[in-house]
Amino acid sequence: MMLYVSNLKQTEEFWGWLLEELGYTSFQKWESGHSWKLGDTYLVFVQAEDKYLDPSYHRCRVGLNHLAFHASLRQHVDEMTKKLEDREVHILYSDKHPFAGEENYYAVFFEDPDRIKVEIVAPE
């Protein structure tokens, strides 16, 4: 999956540690992009050209709503939540966390620097 971003440096700082916490490794890096890989899955982040930066991303417009990743256990969701909070990442739906999805759906929801919603969910 390839995502265009508004600020590659911020994206690398945010996604680099997050993806590595989830088991991904840095795969390819070039002047305007960076990718991470886990098995057959890889994510590519590319700096958007200035002429495409406005309007900014919003998950309710046509296109991507959010990215979801699996955690190994509920404890992993809790550990990731703490690490996100330590990095001052805003946790979405904090009043319902960790059951913001539904009653038995254990997850943390947050946003990346471009406000792309991200979810880390534990197995049922």
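What counts and what doesn't
- Residues numbered from 1 in each chain as written.
- Predicted model: local features only at pLDDT ≥ 70, side-chain atom pairs only at ≥ 80, totals over all residues.
- Heavy atoms only, no water.
- Phe/Tyr/Trp six-rings, centres within 6.5 Å; stacked < 30°, edge-to-face > 60°.
- Helix = DSSP H or I, 4+ residues; strand = E, 2+ residues; numbered from the N terminus.
- Buried < 20%, exposed > 50% of the residue type's maximum accessible area, 1.4 Å probe, protein only.
- Contact = heavy atoms within 4.5 Å.
- Axes fitted to C-alpha atoms, helices over the stretch in contact; angles between N-to-C directions.
- Parallel < 35°, antiparallel > 145°, perpendicular 65-115°, else oblique.
- Left-handed = near helix turned anticlockwise from the far one by under 90°.
- Nonpolar A, V, L, I, M, F, W, Y, C, P; charged D, E, K, R; others polar.
- Pairing = 2+ DSSP bridges.

1. As for the packing of aromatic side chains
So, point 1. Enumeration according to the criterion identifies nine aromatic pairs in this entry.
So, point 2. Arranged with centres 5.5 Å apart and planes meeting at 75°, the rings of Y93 and F109 form a pair that is edge-to-face. Here F109 lies in strand β7 (residues 107-111) and Y93 lies in the loop between β6 (91-92) and β7, a separation of 16 residues in the sequence.
So, point 3. Take F109: its relative accessible area is 7%, and that puts it in the buried class.
So, point 4. In textbook terms, an aromatic cluster arises when at least three aromatic residues are bridged by ring pairs, as seen for F14, W15, Y24, W36, F45, F69 and F110.

2. Comments concerning unusual backbone geometry
So, point 1. P55 follows D54 through a cis peptide bond whose omega is 5°.
So, point 2. Along the chain, the position of P55 falls in the loop between β4 (41-47) and β5 (66-70).
So, point 3. Residue P98 is reached from H97 by a cis peptide bond, and omega for that bond is 5°.
So, point 4. Here P98 lies in the loop between β6 and β7.
So, point 5. Phi at E88 is positive, roughly 60°, even though this residue is not glycine.
So, point 6. Looking at the secondary structure, you find E88 in the loop between α2 (74-86) and β6.

3. As for the side chain of T11
So, point 1. As for its placement among the helices and strands, T11 is situated in helix α1 (residues 8-21).
So, point 2. With residues near it in sequence (within four places) discarded, T11 still touches V5, G16, F45 and D114.

4. Quick notes on the packing of α1 against α2
So, point 1. Two elements in contact, α1 and α2, have axes separated by 12 Å at closest approach and are oriented at 160°. In terms of axis orientation, α1 runs roughly antiparallel to α2. The element α1 and its partner α2 pack so that their crossing is right-handed. Two secondary-structure elements touch here, α1 through W17, L18 and E21 and α2 through H76, M80, K83 and L84.
So, point 2. In the contact of α1 with α2, the residues fall into four nonpolar, one polar and two charged.

5. Some thoughts on the pairing of strand β3 (residues 33-38)
So, point 1. For strand β2 (residues 25-30) and β3, the ladder comprises five bridges, and the chain directions are antiparallel. Looking across to β3, one finds that K29 is bridged to H34.
So, point 2. Direction of pairing for β3 relative to β4: antiparallel, over a ladder of six bridges. Directly across from W36, in β4, lies its bridge partner L43.
So, point 3. The hairpin turn running from β3 into β4, its antiparallel successor, is two residues long, and G39 in that turn takes a positive phi close to 60°.

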